[in-house]
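# Structure at a glance
Single-letter residue listing:
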Amino acid sequence: MTTNKSFDVIVVGAGSVGTPAAMTLSEAGLKVLVVDQCPSVGQGSNKRAIGGLRATHSDPAKIRLCLRSLEVFAAWKELHGDDIEWLKGGYSYVAYRPEEERTLKELLAVQKRYGLAIDWHDAAGLLRIIPDLNPDGLIGGTFSPDDGNASPLLAVHAFYRRAKSLGAVFHFGERVTALAVSGGRVTGVRTDKGEYGAAIVVNAAGPSGAEVAALAGVDVPVRPDSHEAAVTEAVARFLGPMVVDIRPVAGSANYYFYQHATGQVIFCITPSPSIWGQDVRETSSFLPMVADRMVGLIPRLRNLRIRRTWRGLYPMTPDGSPIVGWTRELEGYLLAVGMCGQGFMLGPGIGELIGRMVAGATTEDDRETLTYLSPYREFKGQEKLK
Ligand SMILES: Cc1cc2nc3c(=O)[nH]c(=O)nc-3n(C[C@H](O)[C@H](O)[C@H](O)COP(=O)(O)OP(=O)(O)OC[C@H]3O[C@@H](n4cnc5c(N)ncnc54)[C@H](O)[C@@H]3O)c2cc1C
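This section reports on the structure supplied with the text.

Rules of the game
- Residues numbered from 1 in each chain as written.
- Predicted model: local features only at pLDDT ≥ 70, side-chain atom pairs only at ≥ 80, totals over all residues.
- Heavy atoms only, no water.
- Buried < 20%, exposed > 50% of the residue type's maximum accessible area, 1.4 Å probe, protein only.
- Helix = DSSP H or I, 4+ residues; strand = E, 2+ residues; numbered from the N terminus.
- Arc of directions from axis to C-beta.
- Contact = heavy atoms within 4.5 Å.
- Axes fitted to C-alpha atoms, helices over the stretch in contact; angles between N-to-C directions.
- Parallel < 35°, antiparallel > 145°, perpendicular 65-115°, else oblique.
- Left-handed = near helix turned anticlockwise from the far one by under 90°.
- Near = heavy atom within 4 Å.
- Polar contact = N/O pair within 3.5 Å; in protein donor to acceptor, adjacent residues only side chain to side chain.
- Areas by Shrake-Rupley, 256 points an atom, 1.4 Å probe, with all protein chains shown as cover.
- Nonpolar A, V, L, I, M, F, W, Y, C, P; charged D, E, K, R; others polar.
- Pairing = 2+ DSSP bridges.
- Core = buried A, V, L, I, M, F, W, Y, C linked by side-chain atoms within 4.5 Å.
- Expected span 1.5 Å × (residues − 1).
- Salt bridge = Lys/Arg side-chain N within 4 Å of Asp/Glu carboxyl O.
- Phe/Tyr/Trp six-rings, centres within 6.5 Å; stacked < 30°, edge-to-face > 60°.
- Lys NZ or Arg CZ within 6 Å of the ring centre and 35° of its normal.

### Details of helix α9 (residues 364-373)
- Along α9, the residues classified as buried are Asp-366, Thr-369, Leu-370 and Leu-373. Buried residues of α9, seen end-on, are gathered within an arc of 100° and therefore sit on one face of the element. Exposed side of α9, more than 90 degrees from the buried face: Glu-364 and Thr-371 are the residues found there.
- Close packing links the buried residues of α9 with α2 (60-80), β19 (323-326) and α8 (343-358).

### Let's talk about the packing of α2 against helix α5 (residues 152-165)
- Packing of α2 against α5 brings their axes to within 12 Å, and their N-to-C directions diverge by 55°. It follows that α2 is oblique to α5 by the angle criterion. Here the hand of the crossing between α2 and α5 comes out left-handed. Across the interface between the two elements, Val-72, Phe-73, Trp-76 and His-80 of α2 pack against Ala-155, Ala-158, Phe-159 and Arg-162 of α5.

### Considerations on unusual backbone geometry
- Between Ser-272 and Pro-273 the backbone carries a cis peptide bond, its omega angle lying at 5°.
- Checked against the element boundaries, Pro-273 lands in the loop between β16 (264-271) and β17 (275-276).
- Residue Glu-85 is not a glycine yet carries a positive backbone phi of 60°.
- Its place among the elements puts Glu-85 in the loop between α2 and β4 (91-95).

### Concerning the site of the ligand
- Near the ligand there are 41 residues, and of these Ser-16, Asp-36, Ser-45, Cys-340 and Met-345 occur at the shortest range.
- Within the contact set of the ligand, a nitrogen atom lies 2.9 Å away from a backbone nitrogen or oxygen of Val-176.
- Protein chains shield 99% of the accessible area of the ligand, which is 1,000 Å² for the free molecule.
- Among the elements that line the shell around the ligand, the one with the most residues is strand β18 (residues 306-316), at 4 residues.
- Classifying every residue of the shell around the ligand by side-chain character gives 21 nonpolar, 16 polar and 4 charged.

### A short note on the sheet that holds strand β10 (residues 185-191)
- Pairing in this open sheet of 3 strands is antiparallel, and the strands run β9-β10-β11 from one edge to the other. What marks the edges here is a single partner per strand, and that holds for β9 (176-182) and β11 (195-197). Across this sheet, the average inter-strand angle for adjacent strands is 25°, counted without regard to direction.
- Judged from the 6 bridges that link them, β9 and β10 form a sheet pairing that is antiparallel. Of the residues in β10, the one forming a bridge with Val-176 is Thr-191.

### Here we look at the nonpolar core
- Among the nonpolar cores identified, the biggest contains 74 residues, and Val-11, Ile-50, Phe-170, Val-202, Val-324, Ile-350 and Ile-354 are the most heavily contacted of them.
- Within the second largest apolar cluster, 25 residues are counted, among which are Leu-33, Ala-216, Val-218 and Leu-330.

### Here's the deal with α5
- The terminal C-alpha atoms of α5, which comprises 14 residues, lie 20 Å apart, in line with the 20 Å expected from a rise of 1.5 Å per residue.
- Pro-152, Ala-155, Val-156, Ala-158, Phe-159, Tyr-160 and Ala-163 are the residues of α5 that are buried.
- Elements in contact with the buried residues of α5: α1 (18-27), α2, β8 (169-172) and α8.

### Quick word on the sheet that holds β19
- Read across the open sheet, the 6 strands follow the order β8-β2-β1-β12-β20-β19; overall the sheet is mixed. The two strands at the open ends of the sheet, each matched to only one other strand, are β8 and β19. Strand-to-strand twist in this sheet, taken as the mean axis angle between neighbours without regard to direction, amounts to 15°.
- Relative to strand β20 (residues 333-337), strand β12 (residues 200-203) is paired through 3 bridges, and the arrangement is parallel. Within the sheet, the bridge partner assigned to Val-201 lies in β20 and is Tyr-333.
- Its contacts with the sheet put α1 on β1 (9-12), β2 (32-36) and β8, and the angle it makes with β2 is roughly 170°.

### What to know about the pattern of salt bridges
- A complete count under the given rule lists 23 salt bridges for this structure.
- Between Arg-300 and Asp-132 there is a salt bridge whose closest N-O contact spans 3.0 Å. Residue Arg-300 is located in the loop between α7 (286-297) and β18, and its partner Asp-132 is located in the loop between α4 (123-129) and β6 (140-144); the two are separated by 168 residues in the primary sequence.
- What makes Arg-300 exposed here is its relative accessible area of 51%.
- For Glu-211, the salt bridge is made with Arg-175, and the minimal N-O distance between the two is 4.0 Å. In this pair, Glu-211 is assigned in helix α6 (residues 209-214) and Arg-175 in the loop between β8 and β9, connecting sequence segments 36 residues apart.

### A short note on the packing of aromatic side chains
- Applying the stated criterion across every chain, the model contains 9 aromatic pairs.
- Where Trp-76 meets Phe-159, the ring centres are 5.0 Å apart and the plane angle is 80°; that geometry is what we call edge-to-face. Of this pair, Trp-76 sits in helix α2 while Phe-159 sits in helix α5, and the two are 83 residues apart along the sequence. Exposure class is identical for Trp-76 and Phe-159. Each is buried.
- Pairwise contacts between aromatic rings join Phe-73, Trp-76, Phe-159 and Phe-344 into one cluster.
- Across the ring face of Phe-7, the terminal group of Lys-31 is positioned such that the distance to the ring centre comes to 5.3 Å.
- Over the aromatic face of Trp-276 sits the side chain of Arg-223, whose NZ or CZ is 4.0 Å from the ring centroid.

What follows is the structure in structure tokens.
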């Protein structure tokens with residue numbers, strides 16, 4: 001391989017995770033190449049995310065990583081100048097049945113232990129935070145005030161610009177087709193346009209994470225499934241937090257929605273059973289299903305007009321947690337895949353973790369985090385707040 005095609009690290013995928021990872025690696029002075037098959041940054045799952053940012057999880061690794069991500073998103077404008085439409089509106093998980101009340105209350109101990117600002121509020125308290133919630137049968141819910149939201153495209157572009165200004169090279173419209181390997185080590189990647197050398201390759205290929213892992217003979221349990229979302233017209237502010245309802249009903253599991261900084265309500269629902277595969281064509285069943293549930297929860301939403309719907313992919317893992325770690329099969333090959341429905345919020349935290357892994361500078365907390373996210377874990381648990 002020629003020297004002008006040699007890098008310290010090659011990142012496959014310029015999405016929610018690959019872009020902030022490239023930024024962190026460039027901040028450390030490394031020579032970074034990012035290769036993405038799409039024509040520009042964030043065109044995979046990243047731009048289909050609705051922008052929710054929370055550290056409210058049940059898995060300690062995700063709580064910790066997202067607490068760091070939230071710091072990055074919240075301080076971005078002040079530190080770097082770009083407006084990524086960050087809004088600290090908080091997150092609220094509502095309970096209308098004892099089942100959800102129990103689940104949410106049980107999680108408070110671990111959430112607080114890992115530093116999350118969160119509390120349980122009874123019905124009257126929650127109605128003070130979200131006055132438009134349907135009070136009929138409301139038991140209460142959690143509220144985590146430091147969570148929020150931002151624009152996935154503005155944020156990924158901000159990370160991209162900073163990575164580029166620090167010297168990272170981005171190749172768009174180029175697909176990684178093979179890994180170059182020698183003596184049990186990765187030595188670079190082959191694409192449909194050329195070959196590039198690096199002693200470290202990061203797989204941040206999102207819903208295609210399993211395919212890109214398979215290029216190295218590594219089997220990772222990442223399966224894409226389809227989720228649909230929509231955005232309404234913009235209206236005056238009336239809703240503070242992201243509202244999440246985790247009650248399963250026939251046809252759908254949880255759904256969540258919030259009012260963006262620019263006034264639109266943006267929402268999403270998890271179909272049940274899951275729609276496995278790479279199909280991103282919208283269905284006609286999504287809107288009636290989700291609109292019914294949302295209007296039941298906040299009757300005032302009934303008059304809002306919907307402007308656009310879309311469909312995208314969650315890169316799912318069997319236990320709902322990401323897969324981050326070095327492969328045992330191939331030295332120098334780092335997996336950062338399986339972000340499920342939380343890759344946007346995990347991106348900056350995982351990007352920095354990748355920076356410390358590459359530098360050989362992980363902390364004790366990182367090592368604990370990495371045991372939760374290990375590619376070689378048993379995948380037996382279950383994230384309760386997917
Ligand atoms: C409807 C919907 C709502 C969502 N809402 C939220 C939310 O509110 N908050 C949140 O945090 N997350 C949300 N998500 C999830 C989030 O979008 C994903 O978890 C996240 O984007 C995954 O990030 P990634 O970097 O792993 O993948 P991506 O952002 O998809 O990036 C992977 C990149 O790899 C590239 N690639 C793949 N294979 C190759 C190859 N062989 N060669 C070159 N390039 C390749 C792709 O082109 C792509 O750009 C939502 C998802 C959907 C669908």
